[in-house]
Structure formats: C-alpha cells, structure tokens
Amino acid sequence: MIKKPKKVLNPPSKIGIIGGGQLGRMICIEAKRMGYHVIILDPTPSSSASQVADEQIVASFDDKKYIESLANICDVITYEFEHIDATILIELEAKGYKIYPSGNTLKKIQDKFIQKTMLKDASLQVADFVFINADTDFDMVVNIIGLPFMLKTCQGGYDGKGNCIIKNKNDYEYYYEILKDYRLMGERLIDFERELSIIVARDLNNNYAYYPIVENAHKHSILHFTKSPALVDAKIESKIKSMAKAIVDVLDDYGVFCVEFFLTSNGEVYINEIAPRPHNSGHYTIEACSTSQFEQLVRIITGMPLGSTKQNFPCVMANILGNGSVEKRYSIEGIDEVLSEDDLYLHLYGKGTTKDMKKMGHLSVLSNSIEVAEEKALKAIEKLIIKPM
Ligand SMILES: Nc1ncnc2c1ncn2[C@@H]1O[C@H](COP(=O)(O)OP(=O)(O)O)[C@@H](O)[C@H]1O
Ligand SMILES: [Mg+2]
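Conventions and cut-offs
- Residues numbered from 1 in each chain as written.
- Chains lettered and ligands numbered in written order.
- Predicted model: local features only at pLDDT ≥ 70, side-chain atom pairs only at ≥ 80, totals over all residues.
- Helix = DSSP H or I, 4+ residues; strand = E, 2+ residues; numbered from the N terminus.
- Rg over C-alpha atoms; globule rule 2.2 N^0.38 Å.
- Contact = placed C-beta atoms within 7 Å.
- Pairing = 2+ DSSP bridges.
- Axes fitted to C-alpha atoms, helices over the stretch in contact; angles between N-to-C directions.
- Near = placed C-beta within 6 Å.
- Domains from an automatic or database assignment.
- Buried ≥ 20, exposed ≤ 12 C-beta atoms within 10 Å, placed from the backbone.
- Core = buried A, V, L, I, M, F, W, Y, C linked by C-beta atoms within 7 Å.
- Left-handed = near helix turned anticlockwise from the far one by under 90°.
- Nonpolar A, V, L, I, M, F, W, Y, C, P; charged D, E, K, R; others polar.

Can you help me understand the overall build of the chain in this one?
From N to C terminus, the chain includes twelve helices and 19 strands. The C-alpha radius of gyration of the chain comes to 21 Å, within 12% of the 21 Å expected for a compact globule of 389 residues. Seen along its three principal axes, the alpha-carbon backbone of the chain occupies a region of about 60 × 55 × 45 Å. If you take every contact in the chain between residues at least 6 apart in sequence, the share linking residues at least 24 apart comes to 65%.

Okay, structure coming up:
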C-alpha cells in the first residue's frame, strides 16, 4: 500500500524553535535560506538564534502561555535542546498542534534514567545503571555497577555538567550531599577505546537517512573535536546503524536524532545517550555533506523529502570554547590568521558573553586527508584567543 504523503508546508510557512542557542541559530540559518519564517522562544533577549530569526518570544521554557502562543502563530514547532517542560508540548499536541519530535519523545529522553530504562527494555546495550536516592546503599550500588562508577543527575545535565566519578564511599557521600536535590543515577564506567556518534533522520513518510559515523574526542567531558568519517569496520558500522534505527523505531518519531556510543577494544558497542535534535557532532555536515543536519530537520518538519546525507569530503570539526570563571563580554583575536587558511570554515555564534568551556563557535576543515584536516583544525583552534573584557 502506498501511504499518502503528509501535507507539506511550503515557504513562507512559520517555524517555531524552542531554544535560542547555537543549534537553533544553525537551524534558523537553513530555514531562512529555504524561505521560511522563523520565530524563536528563549528567555535571553537577542539570543544566538534570534539574531538570525524573524522574531523572538522572550519567555522561559516552562511558560505554558508563551509556548502556546508560539504554537498559535507557527505552522510547526521544533526544539533545539531538551530542558523544556515536555508536558506542555504533550498537551499542545493533544490540541492538534504539530511538534516534531513529539513531547512524549522529549519526556523519555530528557531524563537519563527513563531514557536508559527504555533502551534496556528494548534490548539495546547500555552501561549497567541504578537509580539512586536517600535509601540507596552504597555497597549495593557497587555490587551492581562496580567501582569506580559515574554518578549522574538524570535531568538537566549537558556538556558533562551533573556527572562525577565516584572512586570510594567518601566521594559518594560528598557528591550525594551536593546533588541530593536532583534525581540521580549511578552508571558503570565503560572503559571505552573510542566515542562514536551517528545522526539518523526519519521523515514524516517513514523514510530513514543515516549520516556517516563520526569519532568524537572530549576534553573535560565536553566535545573538543569530531572526525568524520570515523574509521570503523563494516561490522561495527552495521551494528551502530541498526541500533540507531531501532532507537528511532522505539521512539516511533520524526526528526533528526543523534546517538552517542562507546566502542570498547573488543568491539562492544554501548549506547551512551540520544539527542532528539541536531547535535554538536553533526556540525561537520554543513560543509562536508550534501544536506546539513539542520536543513534535514527543516525538510522533515515541513513534510519535505529527505536530502542526501552523502559526505563529499572528509572533515574535522573543532569547538571554540570560552574562557574565564564568570560570564563576561569578550573579544576574539586571531580570526584573520585562521581565515587565511583554505578549506576552513569559521562559525561564531554571536554570544554576548564568554565563560570557561562555553561553546562560542566552531570551525570545520575539509581535506582529502583526515590527518591533514585534524592538524589544521587543532592548530587553528590554538590561534583563536578569546579575551574576556
Ligand atoms: N558510563 C560512562 N562511562 C565512561 N565515560 C562516560 C560514561 N558516561 C559519560 N561518560 C563520559 O562523559 C561524557 C559526557 O557524559 P554524558 O552522559 O554524555 O553527558 P552530557 O549529557 O553532558 O553529554 C561522555 O561523552 C563520556 O566521555
Ligand atoms: Mg553526551
């Protein structure tokens, strides 16, 4: 049976994006190129995304009234990060508003314990984990997940925030006291060889598209650079693709999803986490692939066909991270030197202030040799100096 395609939203239909960070900005840039009208909802005036959007609604991510007015003005809604009140989205969908991915997906993903339970129930491999609360016995935790282990806040974490390594009972008692107001979980520490990720897309007519598998290098739990494509053998590649497909099928949803994996030296693959949105490790798709992850999302939510995920050049993407112990205005030195390099693409997010490890921008280097791209990208990052003022 041929399924009737869903109705398409032609430009200048209105797209609402909840979240005004760099991901929202890059979704918006693509949506604008394609002729759509974009409205951002974010509590920070002149957010990174709103600088390139048509309008911004200044409101918080749990403000039902303003999220509903965004839905009223727009033809479709998406979001660029997970820390939104998902029940508001679920209620709006029940009233007939189009939101992709759905509020139900967001609800399952925004809590790491619920997310991992869903994956485990679907027989997908994740590190052993346990829920932790005031009644939890340390020795019982160690029995299940070993020592050292990772203590994680279930909600609200990003860029490694809310994660701490527990080496002994003293660490546990210390960090539990600090984090006890959050939902917490313990997770077995995986002795991985490499961290990999994949972006998978599903359109409204149930077609799937996979971007190449990439390799991610982290520094202090925050993404430092991504090499694309990752060197993986065919067996690992097909394992990762089938796990990514299984996840989208379990969620039974539409959009762009990133799945992060740990690969061990004996070829075991564990799912670390899912993001129901474009991802930092997919920024390379802007210059290296026929369709970027951001354009792909715009195509999907407007009911358009998927674009090709073909990678045309090897690429290394490196993050430009901020400096300073407190949020401050800043200047950046070295841009002219970096821009004198060929095949290097600089992206700055227009953020008003900088702070240690804050994502200020990224750069992508294309080269026929991934080694050359890596060297060039990492040298360029060294040359960019962010000076707090
Ligand atoms: N169970 C684990 N074993 C080993 N390393 C881990 C584990 N969980 C997280 N990490 C490391 O910490 C990084 C950030 O953790 P993650 O749970 O993905 O948090 P975030 O939500 O901040 O991205 C991961 O990319 C990985 O390097
Ligand atoms: Mg992560």
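Further notes follow.
Before we go on, may I ask you to explain the sheet that holds strand β4 (residues 76–79) in this structure?
Sheet strands associate in pairs through backbone hydrogen bonding, adopting either a parallel or an antiparallel arrangement. As summarised here, the arrangement of the four strands in space is β3-β2-β1-β4, forming an open sheet in which the pairing is parallel. Edge positions in the sheet fall to β3 (55–58) and β4, since each of these pairs with one other strand and no more. Between one strand axis and the next, the sheet turns by 25° as a mean value, whatever way the strands run. Where strand β1 (residues 14–18) and strand β2 (residues 37–42) come together, five bridges link them in parallel fashion. For Ile18, the partnering residue across the bridge sits in β2 and is Leu41.

Got a minute to help me understand the site of ligand 1 in this structure?
Ala127, Glu187, Leu189, Ile190 and Ser221 are the nearest of the 17 residues found near ligand 1. When contributions to the shell around ligand 1 are tallied by element, the ones reaching two or more residues are β8 (184–188) and β14 (269–275). Mapping the shell around ligand 1 onto the domain boundaries places at least three of its residues in each of domain 2 (128–188) and domain 3 (194–388).

Could you clarify how one ought to interpret the pairing of strand β6 (residues 149–153) in this entry?
Remark: a regular strand shows side chains that alternate across the two faces of the sheet. Relative to strand β7 (residues 163–166), β6 runs antiparallel, the two being bridged by four bridges. Across the sheet, residue Phe149 finds its bridge partner in β7, namely Ile166. Pairing of β6 with β8 involves five bridges; the strand directions are antiparallel. Along β8, the bridge assignment pairs Leu151 with Gly186.

Is there a simple way to explain the environment of Ile88 in this structure?
Tracing the chain through its elements places Ile88 in helix α3 (residues 86–94). Using a count of 21 C-beta atoms within 10 Å as the deciding quantity, one classes Ile88 as buried. Taking the C-alpha atoms as reference points, Ile88 and Asp62, 26 residues apart in sequence, are found 7.5 Å from one another. Not counting residues within four places of it along the chain, the set of residues in contact with Ile88 comprises Lys64 and Ile67.

Sorry if this is basic, but what is going on with the domain arrangement of the chain here?
How big an interface is tends to be stated in terms of the accessible area lost upon association of its parts. When its domains are assigned, the chain resolves into domain 1 (14–99), domain 2 (128–188) and domain 3 (194–388). Inter-centroid distance (C-alpha atoms) of domain 2 to domain 3 is 28 Å.

Is there a simple way to think about the sheet that holds β8 in this case?
Strand order in this open sheet of four strands is β5-β8-β6-β7, and the pairing throughout is antiparallel. Only two strands of the sheet have a single neighbouring strand rather than two, namely β5 (129–132) and β7. When strand polarity is set aside, the average angle formed by the axes of neighbouring strands in this sheet is 25°. Most of the contacts of helix α6 (residues 138–145) go to β5, to which it runs at about 160°, and overall it touches β5, β6 and β8. Here helix α7 (residues 169–179) sits on the sheet in contact with β6, β7 and β8, set at roughly 160° to β7.

I tried to follow unusual backbone geometry on my own but got confused; where do I start?
Negative phi characterises most residues that are not glycine, and trans characterises most peptide bonds. Between Pro11 and the following residue, Pro12, the backbone shows a cis peptide bond with an omega angle of 5°. Here Pro12 is to be found in the segment before β1. Looking along the chain, the bond that leaves Leu147 and enters Pro148 is cis, with omega of -10°. With phi around 65°, Asn206 is a residue other than glycine that occupies positive phi space. According to the C-beta neighbour criterion, Asn206 is exposed, with 11 such atoms within 10 Å.

Explanation requested: the nonpolar core in the structure shown.
What tends to happen in soluble globular proteins is that the nonpolar side chains get buried as a cluster. Ranked by size, the top nonpolar core spans 100 residues in total, and within it Ile17, Ile27, Val38, Phe257 and Val259 carry the most contacts. Apart from residues lying up to four places away in sequence, Ile17 is in contact with Gly24, Ile27, Cys28, Val38, Ile40, Ala49, Thr78, Tyr79 and Glu80.

Can you help me understand the environment of Asp54 in this one?
Mapped onto the elements of the fold, Asp54 is located in the loop between β2 and β3. Judged by C-beta crowding, with 16 C-beta atoms within 10 Å, Asp54 ranks as partly exposed. The spatial distance from the C-alpha of Asp54 to the C-alpha of Lys32 is 8.8 Å, given a sequence separation of 22 residues. The residues contacting Asp54, other than those within four sequence positions of it, are His37, Val38 and Ile39.

Can you walk me through the packing of helix α1 (residues 22–33) against helix α10 (residues 293–301) in this structure?
Two packed helices can be described by the angle between their axes and the distance between those axes. Between α1 and α10, whose axes approach to 8 Å, the crossing angle comes to 65°. Seen from above, α1 lies across α10 with right-handed handedness. Taking contact as the criterion, the partners of Met26, Ile27, Glu30 and Ala31 in α1 are, on α10, Phe294, Glu295, Leu297 and Val298. Its residues assigned to classes, the contact of α1 with α10 comprises six nonpolar, no polar and two charged.

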